[in-house]
Amino acid sequence: MTQKSILITGSSSGIGLNAAHGLRAAGWRVFASCRKQEDCARLQADGFESPLIDYADADTITRGLAEVLVATGGTLDALYNNGAYACPGAVEDVPTAALREIFETNLFGVHELTRQVVPVMRKQGHGRIINCSSVLGIVGYKLRGAYVATKYALEGMSDVLRLELSDTQIKVILIEPGPITSRFRKNAVPHFEKWIDWKSSNMHDAYQAEIGRLYTETEPSTFELQPDAVTKKLVHALTAARPKPRYFVTVPTHFIGIAKRLLSTRALDWLILRN
């Protein structure tokens, strides 16, 4: 049986790194891409094939995918679009340049890589494109406007792509994690510091709590899970004969998914503002 191949983005830590290890253990040929060369070198030292792919740099997307296709002989069974970051801040405080920057990574880069992969999968007659969204692709949350906007856009793009490829054997799937232990908050700090003048904001008081979350190491929250919880859903999405269009991960995501369907907008707002 031919070994199946998968390209994973954002593999330097957290969800992506756990997925790379989990799928390699399950027998997949894993191309664990990172956006920094030093992270690629670290994964290569650990035995992974690790192309450099930075969603914000279209040239690296083309070169990285070409490297993968040379290694596989021109095929790719699955793509896991996992790379993303957050830029915490109130919508009124986020400069438009910051919004453009986060969309470049969280959406436009995903779109570019996916566009280049779809013809490969069409030619071979099958494939799975799995996009890592978030509970914040289902509902909004204060001080998360930029990130929420990118994930709502990713959800919409994924839904349309799934419809457009419905007459093929290419499956398009969303994974929607809630709180997962990772470096996500720490990785958001440079973007927050670069773009947000919180001390001058009308929402100064709201930022005080956010500062604590960003800069302080805290114990896992009540419903926070380890990254392997996402990997388990990923494995099902990759191997099921009829994968679900969406996979919720963590109790909050399941709860919010149900609430979004059942509650009015005002009731849902009330619920979110209480938490």
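Residues numbered from 1 in each chain as written. Predicted model: local features only at pLDDT ≥ 70, side-chain atom pairs only at ≥ 80, totals over all residues. Heavy atoms only, no water.

J.: How would you sum up the overall build of the chain? Please name residues and give values.
T.: Scanning the chain from N- to C-terminus turns up 10 helices and 6 strands. For the chain, the C-alpha radius of gyration of 19 Å lies close to 19 Å, the compact-globule estimate for 275 residues. With the principal axes as the frame, the chain shows a C-alpha extent of 60 × 40 × 35 Å. For the chain, the proportion of its 275 residues judged to be buried stands at 47%. For the chain, long-range pairs separated by at least 24 residues make up 69% of all intrachain contacts whose partners lie at least 6 apart in sequence. Charge separation in the chain, taken as the distance between the mean sites of 32 positive and 28 negative side-chain charges, equals 7 Å. (Helix = DSSP H or I, 4+ residues; strand = E, 2+ residues; numbered from the N terminus. Rg over C-alpha atoms; globule rule 2.2 N^0.38 Å. Buried < 20%, exposed > 50% of the residue type's maximum accessible area, 1.4 Å probe, protein only. Contact = heavy atoms within 4.5 Å. Lys, Arg positive; Asp, Glu negative; His and termini not counted. Charge placed at Lys NZ, Arg CZ, Asp CG, Glu CD.)

J.: I'd like to hear about the packing of aromatic side chains, residue by residue, with values.
T.: Here the distance between the centres and the angle between the planes together describe a pair of aromatic rings. Applying the stated criterion across every chain, the model contains 3 aromatic pairs. Ring geometry for Phe103 and Phe108: centres 5.9 Å apart, planes at 40°, overall tilted. With a relative accessible area of 15%, Phe103 lands in the buried category. Relative to Tyr207, the ring of Phe192 has its centre 6.2 Å away and its plane inclined at 45°; by these criteria the two rings are tilted. Remark: Tyr207 occurs in helix H7 (residues 204-215) and Phe192 occurs in helix H6 (residues 184-195); sequence separation between them is 15 residues. For Phe192, a relative accessible area of 2% translates into the label buried. The aromatic ring of Phe48 is capped on one face by Arg24, whose charged end is 3.8 Å from the ring centroid. (Phe/Tyr/Trp six-rings, centres within 6.5 Å; stacked < 30°, edge-to-face > 60°. Lys NZ or Arg CZ within 6 Å of the ring centre and 35° of its normal.)

J.: How would you summarise the packing of H6 against H7 if you had to cite specific residues and measurements?
T.: Between H6 and H7, whose axes approach to 8 Å, the crossing angle comes to 130°. Comparing their axes, H7 and H6 come out oblique. Along the contact surface, H6 presents Arg185, Ala188, Val189, Phe192 and Glu193, while H7 presents Tyr207, Ile211, Arg213, Leu214 and Tyr215. The residue makeup of the contact of H6 with H7, split by class, is 7 nonpolar, no polar and 3 charged. (Axes fitted to C-alpha atoms, helices over the stretch in contact; angles between N-to-C directions. Parallel < 35°, antiparallel > 145°, perpendicular 65-115°, else oblique. Nonpolar A, V, L, I, M, F, W, Y, C, P; charged D, E, K, R; others polar.)

J.: Break down a nonpolar patch on the surface for me, citing the residues and quoting the values.
T.: On the surface, Ile258, Leu262 and Leu263 cluster together into a nonpolar patch covering about 290 Å² of accessible area. Mapped onto the elements of the fold, Ile258 is located in helix H9 (residues 251-262). Given the relative accessible area of 41%, Ile258 is considered partly exposed. (Patch = residues over 30% accessible without salt bridge, like charges linked within 9 Å, V, L, I, M, F, W, Y side chains within 5 Å. Areas by Shrake-Rupley, 256 points an atom, 1.4 Å probe, with all protein chains shown as cover. Salt bridge = Lys/Arg side-chain N within 4 Å of Asp/Glu carboxyl O.)

Take it as geometry only, folks, not as evidence of what the structure does.
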